[in-house]
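Read off the chains here:
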Amino acid sequence: WADKASYYVYLPYVFIYHGDAALLPDSIQQKTGGGFSIDKENNVIRTKTLCGVAIMQAPFFLCAHFLAAPLGYADNGFSLPYHRAIDIAAVFYLVLGLFFLWKYLIKKHSKKVTFFALFFLVGATNIYYYAIDETGMSHIYSFACFSAVLWLFDFGDIKKALHVLCLSLLFVLIFLVRPANIIFLFFLLLLEKNKVKAWLSGICNLNIIKTSMALLPAILILFSQIILWKYSTGGFFSKLYPGESFSNLTHPQFLKVWFSTNNGLFTYTPAWLFIICGIIAMIINKHYRGWIYLLFFFALSYMVASWWSWQLGCGFGHRAYVEYLAIFITPALFLWEK
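Keep in mind it's a predicted model, so treat the numbers as computed, not measured.

Undergrad: So what exactly am I meant to see when it comes to the overall build of the protein chain here?
TA: Scanning the protein chain from terminus to terminus reveals 17 helices and two strands. Over its C-alpha atoms the protein chain spans a radius of gyration of 21 Å, differing by no more than 12% from the 20 Å that the globule rule assigns to 338 residues. Counting only C-alpha atoms, the protein chain reaches 60 × 55 × 45 Å along its principal axes. Taken over 338 residues, the protein chain has a buried fraction of 52%. Sequence-distant contacts, at least 24 apart, represent 75% of the contacts inside the protein chain between residues at least 6 apart. Mean positive and mean negative side-chain charge positions of the protein chain (25 and 15 charges, respectively) differ by 13 Å.

Below you can see the structure in the form of structure tokens.
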């Protein structure tokens, strides 16, 4: 429904209907809440989102498509097995995200506190909701990518082309899942500037063949979006989120984003207060990263508060912060260890 259909529609459109919009089931755009539209004149679909979520859902979609007919369901991309496949995908990426986050945090913190942190994420924040109920939204997929990048960036081997390949693929996926995620990459540059230099140096020291092998798949995936636009809309580029914009840039709605009864961050997810207290504790203890976390929190909040729909529609608390819990759990860990 709505945004979830916008992310998903690439899969049936390409794999089942082979780019022929006229073959899509009758009234499907109304039945999916207008998440995408069918341009009957040009026989294409128009969707406002990128293909990253669809790429991550693809293995589960293909399994559902293979099983739908034998199980007695329509193999049209929209029957029950396809819905269940997306549910399974979201749970898979929740577990994968928690796995990489565990590997990242356990190197820096005690096992007891790290376990509590993961329990806290699933039990006290809206990560659970977006992994169990709103399984087609982008947030749990971004969470998995963020967690994998944090671990790989911190503990990966710069000299291994495979690790460079994985990191480049993750960077591209992060952008394709949700373009706003690019703010995460800027944060990573600030937080790990020494490691950024080391990775760049390591990539430069790889031979040309290894470098090409490591970066080419990521470039091809990035260009796949352009090919999909051509395939689905008839043009090489398509406007993202048409009619939507950062119309509140000069008057960001910070207080509403944080405290509103309409999806306010602290109103519905008070667990974030532990994170804010952890950031303050880091600053008081003269931990330089505390200032970076504080800056990032305000930068993220400014981006959200500047969007025309600062509450981001239907949600279980504010959903714009869900994936960033992979990052902001660290200040809470600092507080708990103190």
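Undergrad: Sorry if this is basic, but what is going on with the environment of F298 here?
TA: Positionally, F298 belongs in helix α16 (residues 288-306). Here F298 falls in the partly exposed class, since its relative accessible area comes to 41%. Separated by 32 residues in sequence, F298 and F266 have C-alpha atoms that sit 14 Å apart. Other than its neighbours up to four places away in sequence, F298 contacts F254 and W258.

Undergrad: Sorry if this is basic, but what is going on with the packing of helix α10 (residues 182-191) against α16 here?
TA: Two measures define how a pair of helices packs: the angle their axes make with one another and the distance between the axes. α16 packs onto α10 with a crossing angle of 165° between their chain directions and a minimal axis gap of 10 Å. By the angle between their directions, the pair α10 and α16 is classed as roughly antiparallel. Seen from above, α10 lies across α16 with right-handed handedness. Seen from α10, the contacting residues are I183, F184, F187, L190 and L191; seen from α16, they are Y288, R289, I292, Y293, L295, F296, A299, L300 and M303.

Undergrad: Just checking my understanding: could you explain the pairing of strand β1 (residues 36-39) for this structure?
TA: In summary, the side chains of a regular strand alternate between the two faces of the sheet. In this structure, β1 lies alongside strand β2 (residues 44-47), joined through four bridges in antiparallel fashion. Within β2, the position partnered with D39 by the bridge is V44. The antiparallel hairpin formed by β1 and β2 contains four residues in its connecting segment, where N43 sits at a positive phi of about 55°.

Undergrad: Got a minute to help me understand the nonpolar core in this structure?
TA: Taken as a class, soluble globular proteins show a tendency for nonpolar side chains to be buried jointly. With 110 residues, the main nonpolar core has L101, Y141 and F328 as its most contacted residues. Counting residues per element, this core draws most heavily on helix α5 (residues 80-105), which supplies twelve residues. Excluding its chain neighbours within four sequence positions, the residues that come into contact with L101 are L118, L121, F143, S147, L150, A326 and I329.

Undergrad: Can you walk me through a nonpolar patch on the surface in this structure?
TA: Side chains of F175, I182, F186, L189, L215, L216, I219, L220, L222 and F223 sit close together on the surface and give an oily, nonpolar patch of about 890 Å² of accessible area. When contributions to the nonpolar patch are tallied by element, the ones reaching two or more residues are α10 and α12 (208-233). The dominant element in the nonpolar patch, judged by the number of residues it contributes, is α12, at six residues.

Undergrad: Please clarify how the side chain of E323 should be interpreted in this entry.
TA: Of note, E323 is situated in the loop between α16 and α17 (325-337). Residues in contact with E323, not counting those within four places in the same chain, are H139, S142, F143, F146, R178 and N181.

Undergrad: Whenever I open this one, unusual backbone geometry confuses me. Can you help?
TA: A positive phi angle, close to 60°, is found at S27, a residue other than glycine. Mapped onto the elements, S27 comes out in the loop between α2 (10-15) and α3 (28-31). Take S27: its relative accessible area is 44%, and that puts it in the partly exposed class. Phi is positive for K286, close to 60°, though the residue is something other than glycine.

Undergrad: What's the story with the pattern of salt bridges in this structure? I'm lost.
TA: Enumeration according to the criterion identifies eight salt bridges in this entry. K48 is paired through a salt bridge with D3; the nearest N and O atoms lie 3.1 Å apart. One end of the pair, K48, is in the loop between β2 and α4 (52-68); the other, D3, is in helix α1 (residues 3-8), and 45 residues separate them in sequence. The same class applies to K48 as to D3, namely buried. Between K4 and E134 there is a salt bridge whose closest N-O contact spans 2.5 Å. Of this pair, K4 sits in helix α1 while E134 sits in the loop between α7 (127-132) and α8 (139-155); the two residues are 130 residues apart in sequence, bridging distant segments of the chain. The exposure class of K4 is partly exposed, given its relative accessible area of 23%.

About the criteria used
- Residues numbered from 1 in each chain as written.
- Predicted model: local features only at pLDDT ≥ 70, side-chain atom pairs only at ≥ 80, totals over all residues.
- Heavy atoms only, no water.
- Helix = DSSP H or I, 4+ residues; strand = E, 2+ residues; numbered from the N terminus.
- Rg over C-alpha atoms; globule rule 2.2 N^0.38 Å.
- Buried < 20%, exposed > 50% of the residue type's maximum accessible area, 1.4 Å probe, protein only.
- Contact = heavy atoms within 4.5 Å.
- Lys, Arg positive; Asp, Glu negative; His and termini not counted.
- Charge placed at Lys NZ, Arg CZ, Asp CG, Glu CD.
- Axes fitted to C-alpha atoms, helices over the stretch in contact; angles between N-to-C directions.
- Parallel < 35°, antiparallel > 145°, perpendicular 65-115°, else oblique.
- Left-handed = near helix turned anticlockwise from the far one by under 90°.
- Pairing = 2+ DSSP bridges.
- Core = buried A, V, L, I, M, F, W, Y, C linked by side-chain atoms within 4.5 Å.
- Patch = residues over 30% accessible without salt bridge, like charges linked within 9 Å, V, L, I, M, F, W, Y side chains within 5 Å.
- Areas by Shrake-Rupley, 256 points an atom, 1.4 Å probe, with all protein chains shown as cover.
- Salt bridge = Lys/Arg side-chain N within 4 Å of Asp/Glu carboxyl O.

Worth remembering: the numbers are spatial, not functional.
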